[in-house]
Amino acid sequence: MNPSPVAVVDGKDASGPRVCDDMTVEVALSLMAGARVDHLVLCDGDEQRTGLVTLAGLAVLRGSPGYTDRLRLRDVLGGPVASPGGLSVAC
């Protein structure tokens, strides 16, 4: 499956709630809604930062034809890099 559109933004703002990158997109969206935040900092099993996902980016991803509720946040990392204002990847 092609993970585009990728739901990660420029990593300049590394503050915010930290979550494990094996969280599903559905759980991440629910967490962001409950916490009233627009992004999450992703970490791997060693607590190392792996990226940053946005609410807007995940919403676009959720609406894509290849989306499945089993898709994990780490699965959307590694896509094409875009400008900080758009959807992109930065680790």
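In this report, the structure presented in the accompanying data block is examined.

Criteria and thresholds
Residues numbered from 1 in each chain as written. Predicted model: local features only at pLDDT ≥ 70, side-chain atom pairs only at ≥ 80, totals over all residues. Heavy atoms only, no water. Helix = DSSP H or I, 4+ residues; strand = E, 2+ residues; numbered from the N terminus. Buried < 20%, exposed > 50% of the residue type's maximum accessible area, 1.4 Å probe, protein only. Contact = heavy atoms within 4.5 Å. Areas by Shrake-Rupley, 256 points an atom, 1.4 Å probe, with all protein chains shown as cover. Pairing = 2+ DSSP bridges. Axes fitted to C-alpha atoms, helices over the stretch in contact; angles between N-to-C directions. Parallel < 35°, antiparallel > 145°, perpendicular 65-115°, else oblique. Left-handed = near helix turned anticlockwise from the far one by under 90°. Nonpolar A, V, L, I, M, F, W, Y, C, P; charged D, E, K, R; others polar. Salt bridge = Lys/Arg side-chain N within 4 Å of Asp/Glu carboxyl O.

### Considerations on the overall build of the protein
Counting its regular elements, the protein contains two helices and three strands. For the protein, the sequential pattern of α-helices and β-strands runs β-α-β-β-α. Counting the 91 residues in the protein, one finds 40% classified as buried. In the protein, 63% of the contacts between residues at least 6 apart in sequence involve partners at least 24 apart. Carbon and sulfur atoms provide 52% of the accessible area of the protein, an area that totals close to 4900 Å².

### Things to note about the sheet that holds strand E3 (residues 49-54)
Paired through backbone hydrogen bonds, the strands of a sheet run either parallel or antiparallel to each other. Read across the sheet, three strands follow the order E1-E2-E3 without closing on themselves; strand pairing throughout is mixed. Bordering the open sheet on either side are strand E1 (18-20) and E3, each of which pairs with just one other strand. Ignoring strand direction, the axes of neighbouring strands in this sheet form an average angle of 35 degrees. Pairing of E1 with strand E2 (residues 39-43), which is carried by three bridges, proceeds in the parallel orientation. Residue Cys 20 lies in a different strand from E2, and its bridge partner there is Cys 43. Contacts from helix H1 (residues 25-35) reach E1, E2 and E3, with the element oriented near 130 degrees to E2.

### Focus: the packing of H1 against helix H2 (residues 55-62)
When two helices pack together, their arrangement is given by the angle between the helix axes and the distance between those axes. It is the contact of H1 with H2, at a shortest axis distance of 10 Å, that shows an interaxial angle of 140 degrees. On the basis of their axis angle, the class for H1 and H2 is oblique. Crossing handedness for the pair H1 and H2: left-handed. Only Leu 55, Leu 58, Ala 59, Leu 61 and Arg 62 of H2 make contact with H1, whose side of the interface consists of Val 25, Glu 26, Ala 28, Leu 29 and Met 32. For the contact of H1 with H2, the class distribution of residues is eight nonpolar, no polar and two charged.

### As for the pattern of salt bridges
Within this structure, the stated rule accounts for two salt bridges. One salt bridge connects Asp 21 with Arg 74, and the closest N-O pair in it is separated by 3.5 Å. Of this pair, Asp 21 sits in the loop between E1 and H1 while Arg 74 sits in the segment after H2; the two residues are 53 residues apart in sequence, bridging distant segments of the chain. With a shortest N-O distance of 2.9 Å, Glu 26 and Arg 62 are connected by a salt bridge. Placement of Glu 26 in helix H1 and of Arg 62 in helix H2 is noted, with a sequence separation of 36 residues between them. Judged by relative accessible area, which is 26%, Glu 26 ranks as partly exposed. Exposure remark for Arg 62: the relative accessible area of 43% places this residue in the partly exposed category.

Take it as geometry only, folks, not as evidence of what the structure does.
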